Amino acid sequence: MKRSLALDSGQVVCYEDIGDPNGRLPVLFFHGTPGSRLQLKLLPAALRDGLRWISFDRSGYGESDRQPELTMTEVAAMGEVLVNRLGLDAFHVLGFSGGGPYALACAYAMPERVRTVHLAGSPGPAELPGVWSAFRLQDHVLFTLARGAPWLLRALLRLRMAGVQRRPERFVAQFAAKMGAGDRSLLATPAVLAKLCDDLREALRQGTAGMADDFTVLNRPWPFRLEDVRVPVHIWQGARDHVNSPQVGLALAAHLPAAQFHLLEAGSHTLLLTHAEEIRAGLDQDVGPDRFAETR
């Protein structure tokens, strides 16, 4: 169900609250880049059923008011306002792709409330050698523009994403063309394609400003140290992920004190769709920090 939340600043945040309100601990989901709260509807039943899921449009995406210059921790603070409003004392967080860093920021900000973190194909801070060396050419371009010429990044994204809201299936097809046959087939499935297109349209409802802001935040120095995230973290990584490579996941795991790295040999950047059962099993473990550290 779509709802909205008014912040003290006057800005409005749009969020989705779906699933079983009486299930186990709820999950706060951070969508990818670009993306919106509608990514929740892409989650397979094997991952979604029996749990309550909450996700909000980050600044400038969907129906959330744009707030330029937000940091990761400020986005996490928006998440805290939301869970306070919903009366959630404890919950899991799951971040997909560009939502991963925000999930970690949430755990950093609320370690006593976030039970576990789950990262699915997440990027890492460029300052980590293992992350920097895994950058593709386009990642280096985004990094350089985000730090040195954000105005040019905004202009390039407007050009790159022109027409995507009207014909999102073309963007999906271009993305799928870089993947294996199985992923191409999956993304072309009518039900999956329709939900992907709905999410892209919603993400770009206000244009590409929110996407540009997101890339800028993700490519700046992170406002917290990975070593200070004490919450148990599951890193779900596809061995065939060409967006965020396994090297990035390993670099994250090496610096997070309570991390468990899961390499999914047949997985790619679509692992939330293809490996829903494994990720759900991780959510259902609901282990505490001490026991988790022992199994690392």
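It should be emphasised that the depicted structure is a prediction, and the values quoted were computed from it without experimental measurement.

Attention now moves to the overall build of the chain. For the chain, the count of helices and strands is 14 helices and eight strands. For the chain, whose C-alpha radius of gyration is 18 Å, the value lies close to the compact-globule estimate of 19 Å for 296 residues. Dimensions of the chain, computed from the C-alpha atoms along their principal axes, are close to 50 × 40 × 40 Å. Burial statistics for the chain: of 296 residues in total, 55% are counted as buried. Of all intrachain contacts in the chain linking residues separated by at least 6 positions in sequence, the fraction that spans at least 24 positions is 77%. Of the roughly 12600 Å² that the chain leaves accessible, carbon and sulfur atoms contribute 54%.

Our focus in this paragraph is the packing of helix 2 (residues 72–86) against helix 3 (residues 100–109). Two elements in contact, helix 2 and helix 3, have axes whose closest approach is 8 Å; the angle formed by their N-to-C orientations is 70°. With respect to their mutual orientation, helix 2 and helix 3 come out roughly perpendicular. Residue-level contacts link Met72, Thr73, Val75 and Ala76 of helix 2 to Pro101, Tyr102, Ala105, Cys106, Tyr108 and Ala109 of helix 3.

Quick look at the side chain of Thr33 now. Here Thr33 is to be found in the loop between strand 3 (27–30) and helix 1 (45–48). Among the residues examined, Thr33 registers a relative accessible area of 18% and is labelled buried. Polar contacts involving the side chain of Thr33 include one to the side chain of Asp214, which spans 2.9 Å. Those residues in contact with Thr33, other than ones at most four positions away along the chain, are Arg58, Tyr61, Gly98, Asp214, Phe215 and Leu218.

For the rest of this paragraph, the subject is the pairing of strand 3. Of the two faces of strand 3, the one holding Val27 and Phe29 and the one holding Leu28 and Phe30 are both buried throughout. Looking at chain direction, strand 3 and strand 5 (residues 91–96) are connected through four bridges and run parallel. When the bridges of strand 5 are listed, Leu28 appears paired with Val93.

So, on to the sheet that holds strand 7 (residues 233–238). Read across the sheet, eight strands follow the order 1-2-4-3-5-6-7-8 without closing on themselves; strand pairing throughout is mixed. Strands at the two margins of the open sheet, each flanked by one partner only, are strand 1 (2–6) and strand 8 (259–264). Neighbour to neighbour, the strand axes of the sheet diverge by 20° on average, direction disregarded. Alignment of strand 1 against strand 2 (residues 12–19), held across five bridges, turns out to be antiparallel. By the bridge assignment, Leu5 is partnered in strand 2 with Val13.

Further remarks concern the packing of aromatic side chains. Remark: the centre distance and the inter-plane angle together describe each pair of aromatic rings, the angle taken between the planes. For the coordinates displayed, the defined rule picks out six aromatic pairs. Judged by centre distance (5.7 Å) and plane angle (75°), the rings of Phe30 and Phe56 are edge-to-face. Of this pair, Phe30 sits in strand 3 while Phe56 sits in strand 4 (residues 52–56), placing them 26 residues apart in sequence. Each member of the pair Phe30 and Phe56 is classed as buried. When the ring of Tyr108 is compared with that of Phe224, the centres are 5.3 Å apart and the planes differ by 20°; the resulting orientation is stacked. Of this pair, Tyr108 sits in helix 3 while Phe224 sits in the loop between helix 10 (209–219) and strand 7, and the two are 116 residues apart along the sequence. Three or more aromatic residues joined by ring pairs make a cluster, and in this case those are Tyr108, Trp222 and Phe224.

Below, the discussion takes up the environment of Lys178. Tracing the backbone through its elements, the reader meets Lys178 in the loop between helix 7 (168–176) and helix 8 (181–188). For the pair formed by Lys178 and His242, sequence separation is 64 residues and the distance between their alpha carbons is 8.2 Å. Here Lys178 is in contact with Gln138 and His242, once residues within four sequence places are set aside.

Moving on, we come to helix 13 (residues 276–285). Within helix 13 the residues assigned to the buried category are Ala276, Ile279, Arg280, Gly282 and Leu283. Along helix 13, the residues classed as buried sweep out an arc of 155° about the axis, all on the same side.

This part is about unusual backbone geometry. Residues Thr33 and Pro34 are joined by a peptide bond in cis, for which omega reads -5°. Assignment of secondary structure puts Pro34 in the loop between strand 3 and helix 1. One non-glycine residue, Glu69, adopts positive backbone phi at about 70°. Residue class for Glu69 comes out exposed when judged on its relative accessible area of 57%.

Let us look at the packing of helix 5 (residues 137–148) against helix 10. Each pair of packed helices can be summarised by the angle the axes make with each other and by the distance between the axes. Closest axis-to-axis distance for the helix 5/helix 10 pair is 9 Å, and the angle between their directions is 95°. As judged from the angle between their axes, helix 5 and helix 10 are roughly perpendicular. Residues Leu142, Phe143, Ala146 and Arg147 of helix 5 lie in contact with helix 10, whose contacting residues are Phe215, Thr216 and Asn219. Here the residues of the contact of helix 5 with helix 10 are counted per class, giving four nonpolar, two polar and one charged.

Calculation rules
- Residues numbered from 1 in each chain as written.
- Predicted model: local features only at pLDDT ≥ 70, side-chain atom pairs only at ≥ 80, totals over all residues.
- Heavy atoms only, no water.
- Helix = DSSP H or I, 4+ residues; strand = E, 2+ residues; numbered from the N terminus.
- Rg over C-alpha atoms; globule rule 2.2 N^0.38 Å.
- Buried < 20%, exposed > 50% of the residue type's maximum accessible area, 1.4 Å probe, protein only.
- Contact = heavy atoms within 4.5 Å.
- Areas by Shrake-Rupley, 256 points an atom, 1.4 Å probe, with all protein chains shown as cover.
- Axes fitted to C-alpha atoms, helices over the stretch in contact; angles between N-to-C directions.
- Parallel < 35°, antiparallel > 145°, perpendicular 65-115°, else oblique.
- Polar contact = N/O pair within 3.5 Å; in protein donor to acceptor, adjacent residues only side chain to side chain.
- Pairing = 2+ DSSP bridges.
- Phe/Tyr/Trp six-rings, centres within 6.5 Å; stacked < 30°, edge-to-face > 60°.
- Arc of directions from axis to C-beta.
- Nonpolar A, V, L, I, M, F, W, Y, C, P; charged D, E, K, R; others polar.

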